[in-house]
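Inside the fold
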Amino acid sequence: MMRQCGDCQLCCRLLPVPPLGKKGGERCKHQKFGKGCAVYHKPGMPPECAIWNCRWLVNDDTDDLSRPDRSHYVIDIMPDFITVNHDETGEKQNIQVVQIWIDPKHPDAHRDPGLRRFMFRRAEEGKAAIVRYNAKEAIVIFAPPFDINGQWHEITSGMQSVKTHTLDEMMAALGGEARMVIEP
Ligand code: SF4
Ligand code: SF4
């Protein structure tokens, strides 16, 4: 059966919507409690919202995850990238990341075992995960397939470009498949 939002609405609170001046984590002015979006598929609906989707809703490898308002995070269908500096060589590398917008009221929701299994599967495809609290604060998570010792790595500082990027910036940055191995 196709999944439905029901009375979830978490994406409308957690995601930034620039045309509305709405920052991540702020309630949208069009959000009506119990009814959803007041401008849904009407002229006032920003194009960002019209094309956006969450991975739980389209069940894109999220079989074992709970609805976002219960799990307290939203997995974005749109990827992003981060830039990693290699200390020794000074080389910069862009790595594709899955974006996970987390409810700041539940900052540890990214520890959900189902979500960790999801991150692990993405890491097998060479994608890391970024857990976003808003457009600036984020944790980058590298699941064990990135590490020759099979460890999880959570990085909260020293990362460049945890900011969100436009699609054009993404296309420019991710020419090919990016992959990195974390050395001990
Ligand atoms: S987070 Fe997903 S399930 Fe919840 S309202 Fe948004 S699209 Fe629907
Ligand atoms: S405009 Fe509608 S779909 Fe977009 S964030 Fe606001 S309530 Fe959600």
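Quick note: structure is the one above.
Described in the following lines is the structure provided in the data block. (Residues numbered from 1 in each chain as written. Chains lettered and ligands numbered in written order. Predicted model: local features only at pLDDT ≥ 70, side-chain atom pairs only at ≥ 80, totals over all residues. Heavy atoms only, no water.)

Things to note about the overall build of the protein
Counting its regular elements, the protein contains 5 helices and 8 strands. The secondary structure elements of the protein, listed N-terminal to C-terminal, are α-β-β-α-α-β-β-β-α-β-β-β-α. Counting over 184 residues, the protein shows a buried share of 42%. Considering only contacts within the protein whose residues lie at least 6 apart along the sequence, 57% involve residues at least 24 apart. In the form shown here, the protein has an accessible surface area of approximately 10,500 Å², with 54% of it arising from carbon and sulfur atoms. (Helix = DSSP H or I, 4+ residues; strand = E, 2+ residues; numbered from the N terminus. Buried < 20%, exposed > 50% of the residue type's maximum accessible area, 1.4 Å probe, protein only. Contact = heavy atoms within 4.5 Å. Areas by Shrake-Rupley, 256 points an atom, 1.4 Å probe, with all protein chains shown as cover.)

Brief notes about a nonpolar patch on the surface
A grouping of Val-58, Ile-77 and Met-78 is seen on the molecular surface, where their side chains present a nonpolar patch of about 210 Å² in accessible area. Its place among the elements puts Val-58 in the loop between helix H2 (47–51) and helix H3 (68–71). (Patch = residues over 30% accessible without salt bridge, like charges linked within 9 Å, V, L, I, M, F, W, Y side chains within 5 Å. Salt bridge = Lys/Arg side-chain N within 4 Å of Asp/Glu carboxyl O.)

Observations concerning empty space enclosed by the protein
Under the defined criterion, the tally for this structure stands at 1 cavity of 30 Å³ or more. Within this model, the largest cavity holds a volume of roughly 40 Å³. If you trace the largest cavity, you find it lined by Trp-56, Thr-62, Leu-65, Ser-66, Pro-68, Ser-71, Tyr-73, Val-74 and Ile-75. Elements that contribute at least two residues to the lining of the largest cavity include exactly H3 and strand E3 (73–75). Per element, the largest residue contribution to the lining of the largest cavity is 3 residues, and it comes from E3. Looking at the lining of the largest cavity, its residues break down into 6 nonpolar, 3 polar and no charged. (1 Å grid on protein atoms, 1.4 Å probe; cavity = no way out; pocket = protein on both sides within 12 Å on 5 of 7 lines; lining within 4 Å. Points joined across faces, edges and corners; volume = space filled by probe spheres on them. Nonpolar A, V, L, I, M, F, W, Y, C, P; charged D, E, K, R; others polar.)

Here's the deal with the packing of aromatic side chains
Considering all chains together, one arrives at 1 aromatic pair under this definition. Between Phe-142 and Phe-146, the ring centres sit 5.2 Å apart and the planes meet at 75 degrees, which makes this aromatic pair edge-to-face. One exposure class covers both Phe-142 and Phe-146, and it is buried. Above the ring of Phe-118, the side-chain terminus of Arg-122 is found at 4.7 Å from the ring centroid. (Phe/Tyr/Trp six-rings, centres within 6.5 Å; stacked < 30°, edge-to-face > 60°. Lys NZ or Arg CZ within 6 Å of the ring centre and 35° of its normal.)

Thoughts on the environment of Val-140
As for its placement among the helices and strands, Val-140 is situated in strand E7 (residues 138–142). C-alpha of Val-140 to C-alpha of Thr-156: the two residues are 16 residues apart in sequence and 6.5 Å apart in space.

Concerning the nonpolar core
Residues Tyr-73, Val-74, Ile-75, Ile-100, Leu-115, Met-119 and Val-131 are the most contacted members of the largest nonpolar core, which totals 25 residues. Within the residue set of this core, elements represented by two or more residues are helix H1 (10–14), E3, strand E5 (92–102), helix H4 (113–124), strand E6 (128–132) and E7. It is E5 that contributes the most residues to this core, 4 residues altogether. Other than its neighbours up to four places away in sequence, Val-131 contacts Ile-100, Ile-102, His-110, Met-119, Glu-137, Ala-138, Ile-139 and Ile-141. Core analysis: the next-biggest nonpolar cluster, separate from the first, contains 12 residues, Ile-95, Ile-130, Phe-142 and Ala-143 among them. (Core = buried A, V, L, I, M, F, W, Y, C linked by side-chain atoms within 4.5 Å.)

None of this, on its own, says anything about what the molecule does.
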